[in-house]
Number of protein chains: 4
Amino acid sequence: MISLNYRDSRPIYEQIRDELRKLVVSGAIAADEKLPSVRALAAQLAINPNTIQRAYNQLESEGYVYSVPGKGSFAAVMDDAVAARKKELLEQVGELLRELRSLGATAEELVAFTQAVTGKEERHD
Amino acid sequence: MISLNYRDSRPIYEQIRDELRKLVVSGAIAADEKLPSVRALAAQLAINPNTIQRAYNQLESEGYVYSVPGKGSFAAVMDDAVAARKKELLEQVGELLRELRSLGATAEELVAFTQAVTGKEERHD
Amino acid sequence: MISLNYRDSRPIYEQIRDELRKLVVSGAIAADEKLPSVRALAAQLAINPNTIQRAYNQLESEGYVYSVPGKGSFAAVMDDAVAARKKELLEQVGELLRELRSLGATAEELVAFTQAVTGKEERHD
Amino acid sequence: MISLNYRDSRPIYEQIRDELRKLVVSGAIAADEKLPSVRALAAQLAINPNTIQRAYNQLESEGYVYSVPGKGSFAAVMDDAVAARKKELLEQVGELLRELRSLGATAEELVAFTQAVTGKEERHD
DNA sequence: GTGGTCTAGACCACG
DNA sequence: GTGGTCTAGACCACA
């Protein structure tokens with residue numbers, strides 16, 4: 001369900017956080033569905049439970065997850081969270097596109113690229 | 001000419017490196033034009049010269065700058081470096097677009113966004 | 001494991017970088033094997049940890065090593081890196097051979113020299 | 001007669017020294033032939049005479065040149081100097097070949113390379 | 001304990 | 001004055 005890359009420059013807890021966020025926000029883990037327990041995930045990935053806990057804490061403070069003490073962690077209802085994440089991603093895309101323009105890339109070129117990438121992708125839902 | 005953001009998670013030397021790379025690759029600093037000296041830039045930004053040196057070293061090893069000991073650092077002639085940088089940026093854009101698609105963004109929506117961003121930009125020449 | 005030569009014109013961090021690169025690329029340090037820690041190597045060689053760090057940073061940016069903060073530095077899997085290094089070395093040999101030819105050395109003489117050097121070497125496997 | 005490359009990592013005086021040494025040792029400047037005067041060469045290359053002087057001083061201390069105060073600098077008789085230079089170059093080649101062997105290059109491969117490089121070269125005398 | 005970043009201050013080679 | 005190297009010492013995030 002989750003894979004680690006020790007050569008990634010990102011710390012492990014960020015890799016876990018980012019992968020879980022993707023799963024929740026994309027609906028792969030449905031609203032109110034239970035996430036794997038800290039200890040179970042730690043055992044599966046063969047890492048320290050503290051590292052998993054840190055990822056869960058961040059996801060909770062970001063609003064993607066809520067935890068019920070003694071029960072576990074559950075995917076939050078995604079409505080404005082998805083919208084917020086989309087806005088965040090669009091800002092990043094915008095910044096990159098602006099730099100590309102300043103490097104001489106034409107609007108046509110970039111639009112064509114966007115069409116190619118977004119069109120050929122398979123639907124994930 | 002360069003601004004620092006101490007709240008940015010990126011280390012200072014990376015911020016400087018990235019900003020200078022933009023200036024060189026976009027032509028704002030022309031080929032063979034002299035960059036500010038290590039000491040001058042360090043004084044202006046009120047940081048340690050070693051930190052500037054580190055940014056300059058990386059830019060040199062990346063090929064964006066060449067330095068002549070005793071004379072200064074100069075912008076390299078950008079040919080394939082611009083192309084390489086564009087490819088790098090496009091890859092990043094592609095990755096973000098794919099995540100946006102998986103969040104439910106439609107191809108039409110993203111293409112329209114690209115048009116809006118790239119079209120409304122002023123010409124830089 | 002590594003020896004320094006203070007009379008060498010090359011800076012210390014380059015000597016360390018070059019020796020470690022040899023160890024990694026020759027397989028003396030196997031893929032994913034841990035390199036000595038920055039502090040340990042610094043203590044052993046009686047030099048500043050920053051100098052070691054610099055060598056490690058360059059090796060990482062060259063792709064010969066990957067580092068996991070908090071865990072250590074590890075030898076990268078060498079595939080095309082070895083090929084690239086061989087090409088680099090052959091270019092250097094070619095340049096030297098051309099200068100030798102211009103000094104009057106005959107092709108036969110140089111070929112014989114190559115045979116002597118490459119033949120008398122012990123096998124490393 | 002001599003060309004400078006400001007992007008070369010070698011300092012200018014080394015570039016001049018190396019090029020002049022090649023000219024002398026290869027016979028392009030015959031024994032006892034006068035080298036260009038310090039001031040003339042400085043003017044031609046548009047650099048500081050001190051830089052030229054340093055190159056000449058090193059060539060003299062290496063024995064490739066002798067200077068007659070008030071007259072100029074002259075190419076020394078090359079006999080053992082050429083032999084010494086050849087020995088130096090062969091040592092460098094040997095070191096590189098050994099590293100290539102440790103990277104898995106076969107003796108046959110390297111001999112073939114030597115033949116190709118030394119054979120296809122045009123005669124320079 | 002590990003790698004990573006930064007500072008302060010020094011010395012060197014170069015032009 | 002310029003870039004380049006090195007030291008000593010400090011702090012941080014990570015596991």
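Our subject is the structure listed above.
All figures in this text were calculated on a predicted structure; none of them were measured in a lab.

**A look at the side chain of Arg21(D)**
Residues and elements named next belong to chain D.
- Position of Arg21 among the secondary structure elements: in helix 1 (residues 12-25).
- A polar side-chain atom of Arg21 sits 2.8 Å from a polar atom in the side chain of Asp18.
- For Arg21, the residues in contact, after removing those within four places along its chain, are Leu59, Glu62, Tyr64 and Arg85.

**Notes on the interface of chain A and chain B**
- Contact with chain A, which involves 33 residues of that partner, is made by 33 residues of chain B.
- In total, chain A and chain B occlude about 3500 Å² of area from one another, counting both sides; carbon and sulfur atoms represent 74% of this.
- Counting the surface chain A buries against chain B, the share from its top three residues, Arg101(A), Leu103(A) and Thr118(A), is 17%.
- Joining chain A to chain B, the criterion identifies four salt bridges.
- With a shortest N-O distance of 3.0 Å, Arg85(A) and Glu99(B) are connected by a salt bridge.

**Some details on the pairing of strand 2 (residues 72-75) of chain A**
Residue and element names in this part refer to chain A.
- Across four bridges, strand 1 (residues 65-68) lies against strand 2 in antiparallel orientation. Bridge pairing links Ser67 to Ser73 in strand 2.
- Between strand 1 and strand 2, which pair antiparallel and follow one another directly, the connecting turn spans three residues, one of which, Gly70, has a positive phi of 85°.

**Some remarks on the relation of the copies chain A and chain B**
- With an RMSD of 0.6 Å, the operation that places chain A on chain B is a rotation of 177° combined with a shift of 0.1 Å along the axis. Within this description, the copies of the chain are treated as partners about a two-fold rotation axis.
- By residue overlap, the copies meet face to face through one surface: 100% of the interface positions of chain A are interface positions in chain B.

**Re helix 3 (residues 49-62) of chain B**
Residues and elements named next belong to chain B.
- For helix 3, spanning 14 residues, the distance from its first C-alpha to its last is 20 Å, which sits close to the expected 20 Å at 1.5 Å a residue.
- Where helix 3 is buried, its residues touch helix 1 (12-25), helix 2 (38-45), strand 1 (65-68) and strand 2 (72-75).
- Structurally, the start of helix 3 carries an N-cap: the backbone nitrogen of Asn50 is 2.8 Å from a side-chain oxygen of Asn48.
- Of the residues flanking the end of helix 3, it is Gly63, one or two places downstream, whose phi is positive at about 90°.

**Some thoughts on the protein's contact with DNA strand E**
- DNA strand E sits among 26 residues. The nearest are Ile12(B), Asn48(B), Asn50(B), Thr51(B) and Arg54(B).
- Ile12(D) has a polar backbone atom sitting 3.0 Å from a phosphate oxygen of DNA strand E.
- Between DNA strand E and Arg54(D) there is a distance of 2.9 Å, counted from a phosphate oxygen to a side-chain nitrogen or oxygen.
- Mapped by element, the contributors of at least two residues to the surface near DNA strand E are helix 1 and helix 3 of chain B, helix 2 (38-45), helix 3 (49-62) and strand 2 (72-75) of chain C together with helix 1 of chain D.
- Of the residues forming the surface near DNA strand E, the biggest block, four residues, is contributed by helix 3 of chain C.
- Residue composition of the surface near DNA strand E, grouped by class: nine nonpolar, twelve polar and five charged.

**Looking at the pattern of salt bridges**
- Overall, the coordinates contain 34 salt bridges over all chains when judged by the stated rule.
- A salt bridge links Arg21(C) to Glu62(C); the nearest nitrogen and oxygen atoms lie 2.9 Å apart. You can see Arg21(C) sitting in helix 1 (residues 12-25) and its partner Glu62(C) sitting in helix 3, a full 41 residues away along the chain.
- What you see here is one network of salt bridges that share partners, running through Asp8(A), Arg10(A), Arg17(A), Asp18(A), Arg21(A) and Glu62(A).

**Considering the side chain of Thr118(A)**
- Of note, Thr118(A) is situated in helix 5 (residues 107-120).
- Thr118(A) gets classed as buried once you look at its relative accessible area, which sits at 1%.
- Of note is the side chain of Thr118(A), whose polar atom sits 2.7 Å from the backbone oxygen of Thr114(A).
- With residues up to four places along the chain from it excluded, the contact list for Thr118(A) reads Leu97(B), Arg101(B), Ala107(B), Leu110(B) and Val111(B).

**What to know about the nonpolar core**
- Counting residues in hydrophobic clusters, the biggest one holds 72 residues, and the most contacted among them are Ile16(A), Ile52(A) and Ile52(B).
- Non-local contacts of Ile52(A), meaning those with residues more than four positions away in its chain, are made with Ile16(A), Val38(A), Leu41(A), Ala42(A), Leu45(A) and Ile47(A).
- The next biggest cluster of nonpolar side chains, apart from the first, holds 71 residues, and it includes Leu100(C), Ile2(D), Tyr56(D) and Leu59(D).

Scoring rules and cut-offs
- Residues numbered from 1 in each chain as written.
- Chains lettered and ligands numbered in written order.
- Predicted model: local features only at pLDDT ≥ 70, side-chain atom pairs only at ≥ 80, totals over all residues.
- Heavy atoms only, no water.
- Helix = DSSP H or I, 4+ residues; strand = E, 2+ residues; numbered from the N terminus.
- Polar contact = N/O pair within 3.5 Å; in protein donor to acceptor, adjacent residues only side chain to side chain.
- Contact = heavy atoms within 4.5 Å.
- Buried area = accessible area lost by both parts, 1.4 Å probe.
- Salt bridge = Lys/Arg side-chain N within 4 Å of Asp/Glu carboxyl O.
- Pairing = 2+ DSSP bridges.
- Least-squares fit on C-alpha atoms with pLDDT ≥ 70 in both.
- Expected span 1.5 Å × (residues − 1).
- Near = heavy atom within 4 Å.
- Nonpolar A, V, L, I, M, F, W, Y, C, P; charged D, E, K, R; others polar.
- Buried < 20%, exposed > 50% of the residue type's maximum accessible area, 1.4 Å probe, protein only.
- Core = buried A, V, L, I, M, F, W, Y, C linked by side-chain atoms within 4.5 Å.

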